[in-house]
Amino acid sequence: MTETASRRTLHITTWGCQMNVYDSGRMADVLRPLGYQQVATQDADMVILNTCHIRERASEKLFSELGRLRALKESRGGAMMIAVAGCVAQAEGAEIIARAPHVDLVVGSQAYYRLPELIAEIEAKRRAVIDTDFPAAQKFDLLPEDQASQGPIAFLAIQEGCDKFCTFCVVPYTRGAEASRPAAAILAEARRLVAGGAREIALLGQNVNAWHGKAPDGSTWNLARLLAELADIDGLARLRYTTSHPRDMDAALIASHRDNPKLMPFLHLPVQSGSDAVLARMNRRHDADLFRRIVGELRAARPDIALSSDFIVGFPGETDADFAATMQLVRETGFALAYSFKYSRRPGTPAADAADQIDEAVKDARLQELQAVLRDQQHGFNRAQVGRSFEVLFTGTGRHPGQSAGRSPYLQPVVVNDADIVPGTLHTVKIVQSNPNSLMASLIQEQIAA
Ligand code: SAM
Ligand code: SF4
């Protein structure tokens with residue numbers, strides 16, 4: 001904080017993906033030099049709603065929260081600034097202020113590095129401001145270097161936007177064209193995160209494995225090379241990356257899962273459907289066999305790799321046979337974790353206008369059938385860990401007094417009945433019990449050296 005900055009208070013509500021969580025942290029970093037400190041909503045001079053446009057009813061959720069905030073703002077005689085950020089802000093822009101005139105600022109997902117100027121403009125002109133421009137430069141590299149610690153597990157955005165244009169998805173419209181940050185900026189941010197206490201870094205991007213960034217020597221690196229360079233950072237114990245696209249899983253990246261000892265044996269690789277006809281209409285640019293081939297190569301490179309994926313059921317025109325192909329792919333692959341959704345129409349995307357929309361009841365039935373199998377696979381994967389020993393990165397306390405909690409290499413939450421474990425330390429544990437969403441363990445090694 002600068003010496004002249006007076007104390008102001010801020011609350012950021014975050015919806016959506018890890019990229020939004022990262023963005024919210026960076027917005028707080030931008031505002032900290034102005035004196036903004038984070039507090040609960042009811043105590044905040046400024047409230048930012050960082051929105052997500054992926055799910056249905058994103059705008060209804062936003063306007064209902066804005067209604068609640070209007071009452072709070074009125075009870076303070078108007079002395080409160082309300083900002084809407086993120087993908088709904090990007091998509092709806094001026095519409096938001098037209099429907100909710102008590103909103104002071106609409107800031108798109110690419111413009112939040114300009115928050116200090118935008119706030120100054122509102123204060124000077126006493127009118128609402130909208131900024132949904134896409135800047136020419138990479139927004140991440142326009143942000144302050146000073147970052148709050150994220151704790152032992154940190155996110156680092158290396159890529160943003162998407163050029164794939166899957167026919168169901170709003171991301172290319174709300175996050176813009178695919179862009180990769182330069183390697184030097186990523187390495188510098190990673191070193192700062194490690195200096196601030198991070199032991200695990202998860203690289204983020206809407207299409208993270210499409211990353212191809214400028215190297216310090218002017219050449220271009222791929223993600224495998226970036227992961228190798230990051231693995232050289234002392235004090236950093238673990239690396240992950242998410243979310244990947246099957247088309248961009250190249251041989252070098254698959255080999256990293258064998259060769260890079262810090263890369264964790266877990267990969268989130270959305271496939272969406274097991275039907276080639278549906279994948280083609282989704283414009284996924286891959287078929288089910290490419291996914292099968294990648295899974296085979298990943299398992300050959302790293303036999304214990306745990307796989308996660310995203311699925312959409314009830315995409316327009318999906319037949320019973322198409323859905324059966326998805327079920328078949330799920331059964332033969334075996335997932336440790338998965339996210340599955342009913343197709344929902346996103347205005348402005350090609351599939352939203354398709355004539356052959358699927359009945360809600362059919363979507364519901366298919367989702368239940370798919371989720372039952374995915375749940376069994378997740379529970380089976382967790383049960384298979386009982387009796388195994390592996391390293392856990394501890395992050396804090398467990399839900400009950402006297403417990404510490406952390407993450408397994410396969411991303412599961414792990415809990416031990418020992419309150420004295422220092423967050424940020426790695427310990428070898430033995431798994432003694434599996435629950436649907438977590439594992440119980442006992443400590444078998446006090447602490448592993450960094
Ligand atoms: N970039 C990733 C990829 O290539 O798959 C994921 C992007 S999106 C933020 C996360 C997930 O939301 C997608 O993988 C998809 O399963 C789901 N999703 C996106 N749009 C959807 C829609 N219109 N209806 C249902 N699910 C959707
Ligand atoms: Fe959306 Fe992912 Fe497809 Fe890009 S690749 S359009 S982010 S689902």
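Residues numbered from 1 in each chain as written. Chains lettered and ligands numbered in written order. Predicted model: local features only at pLDDT ≥ 70, side-chain atom pairs only at ≥ 80, totals over all residues. Heavy atoms only, no water.

1. Side note on the site of ligand 2
Around ligand 2 sit C162, K164, F165, C166, F168, C169, V171, P172, N207, H245 and R284, and that is every residue in its neighbourhood. Broken down by class, the residue content of the shell around ligand 2 amounts to seven nonpolar, two polar and two charged. (Near = heavy atom within 4 Å. Nonpolar A, V, L, I, M, F, W, Y, C, P; charged D, E, K, R; others polar.)

2. A look at the sheet that holds strand β13 (residues 238-242)
Taking strand neighbours across the sheet as the criterion, the three strands line up as β7-β10-β13 in an open arrangement whose pairing is parallel. Each edge of the sheet is formed by a strand with only one pairing partner; in this case those strands are β7 (153-157) and β13. Taking the axes of each pair of neighbouring strands and ignoring which way they run, one obtains an average angle of 25 degrees across the sheet. Pairing analysis gives five bridges linking strand β10 (residues 200-204) to β13, with the strands arranged parallel. (Pairing = 2+ DSSP bridges. Helix = DSSP H or I, 4+ residues; strand = E, 2+ residues; numbered from the N terminus. Axes fitted to C-alpha atoms, helices over the stretch in contact; angles between N-to-C directions.)

3. Quick notes on empty space enclosed by the protein
Evaluation of the coordinates by the stated rule reveals one cavity of 30 Å³ or more. Space inside the largest cavity adds up to approximately 40 Å³. For the largest cavity, the full set of lining residues is N20, D23, M27, N50, A85, G86, V107, G108, S109, Y112 and R175. Ranked by residue count, the leading element in the lining of the largest cavity is helix α1 (residues 18-31), at three residues. Classifying every residue of the lining of the largest cavity by side-chain character gives four nonpolar, five polar and two charged. (1 Å grid on protein atoms, 1.4 Å probe; cavity = no way out; pocket = protein on both sides within 12 Å on 5 of 7 lines; lining within 4 Å. Points joined across faces, edges and corners; volume = space filled by probe spheres on them.)

4. Some details on the packing of aromatic side chains
Geometry of an aromatic ring pair is reported as the spacing of the ring centres plus the angle between the planes. Scanning all chains against the criterion turns up seven aromatic pairs. Their ring planes at 75 degrees and their centres at 5.4 Å tell us that F315 and Y343 sit as a pair that is edge-to-face. Placement of F315 in the loop between β15 (306-313) and α12 (320-333) and of Y343 in the loop between β16 (337-342) and α13 (360-383) is noted, with a sequence separation of 28 residues between them. Exposure remark for F315: the relative accessible area of 3% places this residue in the buried category. Judged by relative accessible area, Y343 falls into the buried class, the value being 3%. Summarising the aromatic geometry, the rings of F381 and Y410 are spaced 5.8 Å apart at their centres and angled 80 degrees between planes, so their arrangement reads as edge-to-face. Of this pair, F381 sits in helix α13 while Y410 is found in the loop between β18 (404-407) and β19 (413-416), placing the two residues 29 residues apart along the sequence. One exposure class covers both F381 and Y410, and it is buried. The lysine or arginine in question, R99, covers the ring of F63, its NZ or CZ lying 3.7 Å from the ring centre. (Phe/Tyr/Trp six-rings, centres within 6.5 Å; stacked < 30°, edge-to-face > 60°. Buried < 20%, exposed > 50% of the residue type's maximum accessible area, 1.4 Å probe, protein only. Lys NZ or Arg CZ within 6 Å of the ring centre and 35° of its normal.)

5. Details of the side chain of T428
You can see T428 is positioned in strand β20 (residues 426-434). The class of T428 is buried, set by a relative accessible area of 15%. Beyond its immediate sequence surroundings of up to four residues, T428 is in contact with S389, F390, E391, L443, I444, Q445 and I448. (Contact = heavy atoms within 4.5 Å.)

6. Quick notes on the pairing of β18
Strand direction decides the pairing type here: strand β17 (residues 389-397) and β18, joined by four bridges, are antiparallel. What sits directly across from G396, in β18, is A405. The loop that links β17 with its antiparallel partner β18 comprises six residues; one of these, G402, has a positive phi angle of about 85 degrees. Hairpin connection from β18 to β19: five residues lie between these consecutive antiparallel strands, with L411 at a positive phi of about 80 degrees.

7. Some points on the layout of surface pockets
Approximately 340 Å³ is the volume attributed to the second largest pocket. Lining the second largest pocket are 17 residues, with M80, M81, D104, I122 and R126 positioned closest to its centre. Classifying every residue of the lining of the second largest pocket by side-chain character gives eight nonpolar, two polar and seven charged.

8. Observations concerning the site of ligand 1
If you check the shell around ligand 1, you find 16 residues, and the closest are F168, Q206, Q272, D310 and S344. A distance of 3.4 Å separates an oxygen atom of ligand 1 from a polar side-chain atom of R284. When isolated, ligand 1 has an accessible area of 560 Å², and the protein chains bury 90% of it. By residue class, the composition of the shell around ligand 1 is six nonpolar, five polar and five charged. (Polar contact = N/O pair within 3.5 Å; in protein donor to acceptor, adjacent residues only side chain to side chain. Areas by Shrake-Rupley, 256 points an atom, 1.4 Å probe, with all protein chains shown as cover.)

9. Quick look at the environment of H11
Summarising the element assignment, H11 is placed in strand β1 (residues 8-14). H11 sits in the buried class, given a relative accessible area of 19%. Placed 361 residues apart in sequence, H11 and A372 show a C-alpha to C-alpha distance of 38 Å. Polar side-chain contacts of H11 include one of 3.4 Å to the side chain of T13.

10. Thoughts on the sheet that holds strand β6 (residues 129-131)
Strand order in the open sheet made by the six strands is β2-β1-β3-β4-β5-β6, with parallel pairing throughout. Of all the strands in the sheet, just β2 (36-38) and β6 have a single pairing partner and so form its edges. If you compare each strand with its neighbour and ignore which way they point, the axes differ by 20 degrees on average. Pairing geometry for β1 and strand β3 (residues 46-51), over five bridges, is parallel. Looking at β3, one finds that T13 is bridged to L49. Together, β3 and β4 (81-85) form the strand contacts of helix α2 (residues 58-75), whose direction differs from that of β3 by roughly 180 degrees. Against the sheet, helix α5 (residues 115-125) touches β1, β2, β3, β4, β5 (105-107) and β6, its axis set at about 160 degrees to β5.

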